[in-house]
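Survey of secondary and tertiary structure
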Amino acid sequence: MQQLRRPARRAFLVLHVAVSVSWLGLTLGLLTLSVTGSPETAAVAYRAMKIFSDWLVLPIALATLVSGLVLSLGTPWGLARHRWVLIKFWLTLVTVLLTVFSLSPGIDQLAAEAAAGHPTPDFRLVVAPAVATATYLFITAISVLKPWGLTKRGRRLRAAQSAGTRTSQARGSGKEGAGVR
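Owing to the predicted nature of the structure, the values given are computational and were not obtained by experimental measurement.

Quick look at the overall build of the protein chain
The secondary structure content of the protein chain amounts to five helices and zero strands. Secondary structure elements in the protein chain, listed N-terminal to C-terminal, are α-α-α-α-α. Over its C-alpha trace the protein chain gives a radius of gyration of 23 Å, far above what one expects of a compact globule, namely 16 Å for 181 residues. For the protein chain, the spread of C-alpha atoms along the three principal axes comes to 85 × 30 × 25 Å. Considering only contacts within the protein chain whose residues lie at least 6 apart along the sequence, 77% involve residues at least 24 apart. Accessible surface, the protein chain as shown: approximately 11,000 Å² in total, 68% of it carbon and sulfur. Looking at charge distribution, the protein chain has the averaged site of its 20 positive side-chain charges lying 28 Å from that of its 6 negative ones.

As structure tokens, then:
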């Protein structure tokens, strides 16, 4: 993919950070509603969770995934050059899938039970947002710290780029074959 120009890169970076932080905040909100929901307030808490789930969680999760992909493919970081980027991608993809196939259906079921007058506390609605929150905090940490270095592909690309730079420098200095092995 062609590298993003600076204004586009900055716009996608702002978008990515904003939707990522929003996803973390929504998950904390879901966790708070699930933990503080007493039997008396469970119906209201489940309805509020359903509103978050239906209108915000999935669009924000998808925007996080897409903006992260655009940034990784449109910048020198690449998707498969650095381990931390690759781990962020896979963790984000897994959490989006878990949101679609586990969290949202669970919230829908509990909201339907609450609307029918039978709100029942469910421990899964505490575990899912807690695990998601921990995952997003981990993703945030590796985004800042950028640990683990290059992947094998990243090392190959860097070596090829370095060899190309040495060759072009040798041509520019008039030394034929200098730096070429």
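A short note on the packing of aromatic side chains
Scanning the entire structure with this criterion turns up four aromatic pairs. Plain terms: the ring middles of Trp 77 and Trp 84 are 5.2 Å apart, the flat faces sit at 75 degrees to each other, and that makes the pair edge-to-face. Accessibility expressed as a relative area gives 7% for Trp 84, which makes it buried. Note on Phe 138 and Trp 148: the rings are 6.3 Å apart at their centroids and 45 degrees apart in plane angle, and the pair reads as tilted. Of the two residues, Phe 138 sits in helix α4 (residues 124-145) while Trp 148 sits in the loop between α4 and α5 (152-173), which places them 10 residues apart along the sequence.

Here's the deal with the side chain of Thr 64
Along the polypeptide, Thr 64 turns up in helix α2 (residues 42-73). Setting aside chain neighbours within four positions, we find Thr 64 in contact with His 16, Val 19, Ser 20, Trp 23 and Thr 92.

Some details on the packing of helix α1 (residues 6-36) against α4
With their axes 9 Å apart at the nearest point, α1 and α4 run at an angle of 150 degrees to one another. Classified by the interaxial angle, the pair formed by α1 and α4 is roughly antiparallel. Our pair here, α1 against α4, has a crossing hand that is left-handed. In this structure, α1 contributes Trp 23, Leu 24, Thr 27, Leu 28, Leu 30, Leu 31, Ser 34 and Val 35 to the contact, and α4 contributes Leu 125, Val 126, Pro 129, Ala 130, Ala 132, Thr 133, Tyr 136 and Leu 137. Considering only residue class, the contact of α1 with α4 consists of 13 nonpolar, three polar and no charged.

Some remarks on the confidence of the model for the protein chain
The predicted model of the protein chain has a mean per-residue pLDDT of 88, with 93% of residues at 70 or higher. Ranking the elements of the protein chain by mean pLDDT puts α5 last, at 80, and α1 first, at 94.

Examining the nonpolar core
Among the nonpolar cores identified, the biggest contains 22 residues, and Trp 23, Leu 30, Tyr 46, Met 49, Ile 107 and Leu 125 are the most heavily contacted of them. Tallying contributions element by element places α2 first for this core, with eight residues.

Section: the layout of surface pockets
Of the volumes computed, that of the largest pocket is approximately 720 Å³. Along the walls of the largest pocket sit 28 residues, with His 16, Leu 71, Trp 84, Lys 88 and Ser 143 positioned nearest its centre. For the lining of the largest pocket, the elements supplying multiple residues, two or more each, are α1, α2, α3 (83-115) and α4. No other element matches α1, which puts eight residues into the lining of the largest pocket.

Focus: α2
In this model, α2 (32 residues) spans 43 Å end to end at C-alpha, consistent with the 46 Å of a helix rising 1.5 Å per residue. At Ser 53, α2 shows its largest bend, some 45 degrees.

Quick notes on the pattern of salt bridges
Scanning the entire structure with this criterion turns up two salt bridges. With its nearest N and O atoms 2.7 Å apart, the salt bridge here joins Lys 50 to Asp 54. Taken as a pair, Lys 50 and Asp 54 lie in helix α2 at a separation of four residues, close to a single helical turn. Overall, Lys 50 belongs to the partly exposed group, its relative accessible area being 27%. On the basis of relative accessible area, Asp 54 is assigned to the partly exposed category, the value being 39%. Lys 50 serves as the salt-bridge partner of Asp 108, at 3.1 Å between the closest nitrogen and oxygen. Residue Asp 108 is found in helix α3, and its partner Lys 50 is found in helix α2; the two are separated by 58 residues along the sequence.

Quick notes on the rules
- In every chain, residue numbers begin from 1 and rise along the written sequence.
- Side-chain atom pairs in this predicted model are given and counted only at pLDDT of 80 or more, local residue features only at pLDDT of at least 70, and totals for whole chains, interfaces and linings cover all residues.
- Note: side-chain values were computed over all heavy atoms of the structure, leaving out hydrogens and water.
- Counting from the N terminus, the helices are DSSP H or I runs at least four residues long and the strands are E runs at least two residues long.
- Only the C-alpha atoms count toward the radius of gyration. The rule for a globule is 2.2 Å times the residue count to the power 0.38.
- For this analysis, residues touch if any pair of their heavy atoms sits within 4.5 Å.
- Per-residue accessibility takes into account occlusion by the displayed protein chains alone, with areas from the Shrake-Rupley method and a 1.4 Å probe.
- Under the convention used here, Asp and Glu are negative, Lys and Arg are positive, and both His and the chain ends fall outside the count.
- Note on charges: their place is set at NZ of Lys, CZ of Arg, CG of Asp or CD of Glu.
- Only the six-membered ring of Trp is used, alongside the rings of Phe and Tyr, when aromatic pairs are assigned; centres must lie within 6.5 Å, and planes under 30 degrees apart are stacked while those over 60 apart are edge-to-face, with the rest tilted.
- The buried label goes to any residue with under 20% of its type's maximum accessible area, the exposed label to any with over 50%, and the partly exposed label to all in between, with areas taken from a 1.4 Å probe on protein chains only.
- Axis lines are fitted through C-alpha atoms, for helices just across the contact stretch, and the angle between N-to-C directions can take any value from 0 to 180 degrees.
- The scheme is simple: roughly parallel for angles under 35 degrees, roughly antiparallel for over 145, roughly perpendicular for 65 to 115, oblique for anything else.
- A crossing counts as left-handed when the near helix is turned anticlockwise from the far one by less than a right angle, and as right-handed when that turn is clockwise.
- Amino acid classes used here: Ala, Val, Leu, Ile, Met, Phe, Trp, Tyr, Cys and Pro are nonpolar; Asp, Glu, Lys and Arg are charged; the rest, including Gly, are polar.
- Here pLDDT means the predictor's own confidence in every residue, given as a number from 0 to 100.
- For our purposes a nonpolar core is just a set of buried Ala, Val, Leu, Ile, Met, Phe, Trp, Tyr and Cys residues, chained together by side-chain atoms within 4.5 Å.
- Buried and open spaces are told apart on a 1 Å grid over the protein atoms alone, a cavity being a set of points where a 1.4 Å probe fits but cannot get out and a pocket being an open set with protein on both sides within 12 Å along at least five of seven lines. Residues with an atom within 4 Å of a point are the lining residues.
- Grid points are joined across faces, edges and corners, and a volume is the space filled by probe spheres set on the points.
- Between the first and last residue of a helix there are one fewer steps than residues, each counted as 1.5 Å, and that sum is the expected span.
- The quantity called bend is, for any residue, the angle between two axes fitted respectively to the seven residues ending at it and the seven beginning at it.
- Salt bridge, as applied in this entry: a Lys or Arg side-chain nitrogen positioned within 4 Å of an Asp or Glu carboxyl oxygen.

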